Amino acid sequence: MVSHANAHLNFTGQFLVPFIVLCVLRLAQGVRPVRTGLLLGVLVILDFSIGAEMLFFVALALALFVAVGRCCAGRRRAGPRGAS
């Protein structure tokens, strides 16, 4: 971080990423979807103004995380294979 601070302020200013992750996880759980969605929108706009590169990588990672989480949750609800 220190070496990037001289020329790449967009990498050192990514303090919003943990809050974006928290909002996405709360949306996946269904906790206050309208309020959480609005907060997520504001955070994404602020993060985009700092640097779009890191926001893109965070979005890819979160999409993969939520997709795998929903897939695994569906398998848990279905129960073990071969059970009658």
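Residues numbered from 1 in each chain as written. Predicted model: local features only at pLDDT ≥ 70, side-chain atom pairs only at ≥ 80, totals over all residues. Heavy atoms only, no water.

Concerning the overall build of the protein
Part 1: Assigned secondary structure in the protein consists of five helices and zero strands.
Part 2: Walking the protein from its N terminus toward its C terminus, one meets helices and strands in the order α-α-α-α-α.
Part 3: Each of the 84 residues in the protein was classed as buried or not, and the buried ones make up 20%.
Part 4: Of the accessible surface of the protein, which amounts to about 6,500 Å², a share of 70% is contributed by carbon and sulfur atoms. (Helix = DSSP H or I, 4+ residues; strand = E, 2+ residues; numbered from the N terminus. Buried < 20%, exposed > 50% of the residue type's maximum accessible area, 1.4 Å probe, protein only. Areas by Shrake-Rupley, 256 points an atom, 1.4 Å probe, with all protein chains shown as cover.)

Things to note about the confidence of the model for the protein
Part 1: Taken as a whole, the protein shows an average pLDDT of 83; of its residues, 79% reach a score of 70 or greater.
Part 2: Here helix H1 (residues 2-5) stands out as the least confident element of the protein, with mean pLDDT 66; helix H4 (residues 33-50) is the most confident, with 93. (pLDDT = per-residue confidence, 0-100.)

Remarks on a nonpolar patch on the surface
Part 1: The grouping of Phe56, Phe57 and Leu60 at the surface amounts to a nonpolar patch, some 340 Å² of accessible area in total.
Part 2: For Phe57, the location among the structural elements is in helix H5 (residues 52-78).
Part 3: You can call Phe57 exposed: its relative accessible area is 53%. (Patch = residues over 30% accessible without salt bridge, like charges linked within 9 Å, V, L, I, M, F, W, Y side chains within 5 Å. Salt bridge = Lys/Arg side-chain N within 4 Å of Asp/Glu carboxyl O.)

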